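Okay, here's what each chain looks like letter by letter:
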Amino acid sequence: MRVTTAYDDRMDTVATRATGMLDVNDGQSLYWEEVGEADGKPVLWLHGGPGSGLTEGHRRFVSRPGWRGVLLDQRGAGRSLPSAADPATDMSKITTAGMLEDIEALRADRGIDSWTVVGSSWGCTLALAYAIAHPARVDGLCLLSVTTGDREEIDWITRGVGRIFPEAWDDFVGHLPASQRDRNLAAGYAELLADPDEGVRAAAAAAWCAWEDTHVSLAPGWEHWDRYDNPDFAFAFARQVTHSWAHDSFLPPRHVLENAPRITCPVEMIHGRYDVSGPVSIPWELLKALPNGRLAVAENAGHSGSGTGELFSAAMDRLLAAPRTV
């Protein structure tokens, strides 16, 4: 899944202060960039997907007074290499554990002891998993359109939402062979996206992205995401999402909820009431498990996050004032 907000791609461009490629394990090379104040409080932006990659609009989330913003294209996404857009890329190297190692490698490379982490959609799952694995390195979390990556959430978005959009869901599941329609739908699509026939891969990517575009469409002001119109992006994005969801986000069952009490830093969550893709029950249950959480529900927002700008600004101001972990 993806998320944008009032700080989206259509806003004025924020210039980078530095960019680079970081070689990490498994033969991966990560694209990163910095924005904001060189001596500001460090903050990391984690994009959605998995596989959405960075856009220029993402820089506005972390290019704010008092902050030193760091952004990266996660494994396989955007300008990181090898790209999931290349059918020859070994997807077995793209795992949540690998991404957590990448975040730690980037933190050390940038000379940062601890940082605040901002995530959107899938980026929330990754941020939460990182805070569980490395609590001493996280000063605070700001989570937009909250997800935890659990199987229940994956089943909801690939099956349950079909009760709201039955016509589109019939097209979505109907793209799979009949023998695969009662199993893990993401796994079925992942197999099509690995087919040696380019036409089969392209058709599967288009069908997957059509469903992605549908289940976020109840939000006020919804607009079609034109990145799906780029066949290379659609293939890379669908490939990464289905790869992750076929393996339950590469996390144990209920990993985030069961380990949430270990996250003692401030956690700011912002979620849209119209978010059908990830119902507000997700952050609500997480809030009850967090020692230091706060949830703001944007009554007129959906998964796209439009209309959450003021809530996000207030959350970031509170996190800026919070003490550093290290």
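What comes next concerns the included structure. (Residues numbered from 1 in each chain as written. Predicted model: local features only at pLDDT ≥ 70, side-chain atom pairs only at ≥ 80, totals over all residues. Heavy atoms only, no water.)

Here we look at the overall build of the protein chain
Helix and strand counts for the protein chain come out as 11 helices and 8 strands. Against the globule reference of 20 Å for 326 residues, the protein chain gives a C-alpha radius of gyration of 18 Å, in line with a compact fold. Per-residue burial over the protein chain gives 57% buried out of 326 residues. Looking at the protein chain alone, contacts between residues at least 24 apart form 75% of all its contacts between residues at least 6 apart. Of the roughly 12,700 Å² that the protein chain leaves accessible, carbon and sulfur atoms contribute 51%. The positive charge centre, built from 29 side chains, and the negative charge centre, built from 45, are 5 Å apart in the protein chain. (Helix = DSSP H or I, 4+ residues; strand = E, 2+ residues; numbered from the N terminus. Rg over C-alpha atoms; globule rule 2.2 N^0.38 Å. Buried < 20%, exposed > 50% of the residue type's maximum accessible area, 1.4 Å probe, protein only. Contact = heavy atoms within 4.5 Å. Areas by Shrake-Rupley, 256 points an atom, 1.4 Å probe, with all protein chains shown as cover. Lys, Arg positive; Asp, Glu negative; His and termini not counted. Charge placed at Lys NZ, Arg CZ, Asp CG, Glu CD.)

Thoughts on the environment of Gly66
Note on placement: Gly66 falls in the loop between α1 (59-62) and β4 (67-72). Between the C-alpha atoms of Gly66 and Leu320, which are 254 residues apart in sequence, the distance is 7.3 Å. In contact with Gly66, other than residues within four places in its own chain, are Glu37, Gly40, Lys41 and Leu320.

Focus on helix α8 (residues 231-246)
Given a rise of 1.5 Å per residue, 16 residues ought to cover 22 Å, and the 22 Å separating the end C-alpha atoms of α8 matches this to within 8%. Counting buried residues along α8, 13 of its 16 residues qualify, which places the element largely inside the surrounding structure. Of the residues flanking the start of α8, the one acting as N-cap is Asn230, its side-chain oxygen 2.9 Å from the backbone nitrogen of Asp232. In the segment just after α8, Asp248 is the residue with positive phi, at about 55°. (Expected span 1.5 Å × (residues − 1). Polar contact = N/O pair within 3.5 Å; in protein donor to acceptor, adjacent residues only side chain to side chain.)

Quick notes on the environment of Trp122
With respect to the helices and strands, Trp122 occurs in helix α3 (residues 122-133). For the pair Trp122 and Gly174, spaced 52 residues apart in sequence, the C-alpha separation works out to 26 Å. Apart from residues lying up to four places away in sequence, Trp122 is in contact with His47, Gly48, Gly49, Pro50, Gln74, Thr96, Met99, Thr147, Ser244 and Ser249.

Observations concerning the sheet that holds strand β7 (residues 267-272)
What the 8 strands build is an open sheet, ordered β1-β2-β4-β3-β5-β6-β7-β8; its pairing is mixed. Each having just a single partner strand, β1 (18-23) and β8 (293-298) make up the two edges of the open sheet. Across this sheet, the average inter-strand angle for adjacent strands is 20°, counted without regard to direction. Along the sheet, α3 makes contact with β3 (41-46), β5 (115-121) and β6 (138-146), crossing β5 at roughly 145°. Contacting β3, β4, β5, β6, β7 and β8, helix α11 (residues 309-321) runs over the sheet at an angle of about 170° to β6. (Pairing = 2+ DSSP bridges. Axes fitted to C-alpha atoms, helices over the stretch in contact; angles between N-to-C directions.)

Description of the pattern of salt bridges
According to the stated counting rule, one finds 18 salt bridges in the structure shown. In this structure, the salt-bridge partner of Glu268 is Arg294, at a minimum N-O distance of 3.5 Å. With a gap of 26 residues between them, Glu268 in strand β7 and Arg294 in strand β8 connect regions that are remote in the sequence. Given a relative accessible area of 6%, Glu268 falls into the buried group. A relative accessible area of 43% means that Arg294 is categorised as partly exposed. (Salt bridge = Lys/Arg side-chain N within 4 Å of Asp/Glu carboxyl O.)

Focus: the nonpolar core
Ranked by size, the top nonpolar core spans 42 residues in total, and within it Leu44, Trp115, Leu141, Leu143 and Ile263 carry the most contacts. Among the elements that take part in this core, α3 stands out by supplying 9 residues, more than any other. Every residue in contact with Leu141, bar those within four places of it in the chain, is listed here: Val117, Ala127, Leu128, Ala131, Ile263, Cys265, Pro266, Val267, Glu268 and Leu319. Ranked by size, the runner-up nonpolar core spans 29 residues in total, among them Ile154, Phe165, Ala186 and Trp211. (Core = buried A, V, L, I, M, F, W, Y, C linked by side-chain atoms within 4.5 Å.)

Notes on the pairing of β6
Counted residue by residue, β6 has 9 buried out of 9 residues, so it is predominantly covered. Taken together, β5, α3 and β6 constitute a β-α-β crossover, and its handedness is right-handed. The pairing of β6 with β7 spans 4 bridges and is parallel. By the bridge assignment, Leu143 is partnered in β7 with Met269. (Right-handed = clockwise from strand over helix to strand, strands pointing away.)

Looking at the packing of aromatic side chains
Tallied over the entire structure, the rule returns 12 aromatic pairs. Seen in terms of ring centroids, Phe172 and Tyr189 are 5.0 Å apart; in terms of plane orientation they differ by 10°. Their pairing is stacked. With a gap of 17 residues between them, Phe172 in helix α5 (residues 166-174) and Tyr189 in helix α6 (residues 185-193) connect regions that are remote in the sequence. Judged by relative accessible area, which is 2%, Phe172 ranks as buried. Tyr189 sits in the buried class, given a relative accessible area of 0%. (Phe/Tyr/Trp six-rings, centres within 6.5 Å; stacked < 30°, edge-to-face > 60°.)

In short, the description is geometric, and any link to function would need to be established separately.
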